Amino acid sequence: TAEPEINNSDPKKEQEKELRRLKNAAEKAEHEVLRLDKEIAAIDELLKDTVKYQELTKDPVFFNKYETLKKEQQKAIEKWEHEIEQYEQFAGGVMK
């Protein structure tokens, strides 16, 4: 008769690995949000200067680029929130 396969994976180690993966995904998403925040804040600062405002708004695609950044920021925030939720749900299940 054939011997049954032995599963060498340790469930606790697998849980820890998944927890690290989820945490890393949440941190990566957070870094993207922060990067976009900085980029938008820099543009907002430029827009406060009336001379720079005049220059920037002469570019016909400036506001399209700015709106695209704002949309990317919103998507990044939603992804970050989702990743945090996934991490917290998994961590809550593991801790029980």
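In the block above lies the structure referred to throughout.
Residues numbered from 1 in each chain as written. Predicted model: local features only at pLDDT ≥ 70, side-chain atom pairs only at ≥ 80, totals over all residues. Heavy atoms only, no water.

**Focus: the overall build of the protein chain**
Here's step 1: Each helix and strand in the protein chain was counted, giving 3 helices and 0 strands.
Here's step 2: Listed N to C, the secondary structure of the protein chain is α-α-α in terms of helices and strands.
Here's step 3: Looking at the protein chain residue by residue over its 96 residues, the buried ones come to 18%.
Here's step 4: Within the protein chain, contacts between residues separated by at least 24 positions form 72% of all contacts whose residues are at least 6 apart in sequence. (Helix = DSSP H or I, 4+ residues; strand = E, 2+ residues; numbered from the N terminus. Buried < 20%, exposed > 50% of the residue type's maximum accessible area, 1.4 Å probe, protein only. Contact = heavy atoms within 4.5 Å.)

**Brief notes about the pattern of salt bridges**
Here's step 1: If you walk through the whole model with that rule in mind, you get 4 salt bridges.
Here's step 2: A salt bridge links E32 to R35; the nearest nitrogen and oxygen atoms lie 2.8 Å apart. In this pair, E32 and R35 are both assigned in helix α1 (residues 11–48), 3 residues apart and thus about one turn of the helix distant.
Here's step 3: Its salt-bridge partner being E39, residue R35 comes within 2.9 Å of it at the nearest N-O pair. In this pair, R35 and E39 both sit in helix α1, 4 residues apart, roughly one turn of the helix.
Here's step 4: Here E39 falls in the partly exposed class, since its relative accessible area comes to 32%.
Here's step 5: Each of E32, R35 and E39 takes part in salt bridges that share partners, so that together they form one network. (Salt bridge = Lys/Arg side-chain N within 4 Å of Asp/Glu carboxyl O.)

**Quick word on the packing of aromatic side chains**
Here's step 1: One pass over the full model with this rule turns up 2 aromatic pairs.
Here's step 2: Ring centres of F62 and F63 lie 4.9 Å apart, and the angle between their planes is 75°; on these two criteria the pair is classed as edge-to-face.
Here's step 3: By relative accessible area, which is 38% here, F63 ends up partly exposed.
Here's step 4: On the numbers, 6.2 Å between centres and 20° between planes, the contact of F62 with Y66 is stacked. (Phe/Tyr/Trp six-rings, centres within 6.5 Å; stacked < 30°, edge-to-face > 60°.)

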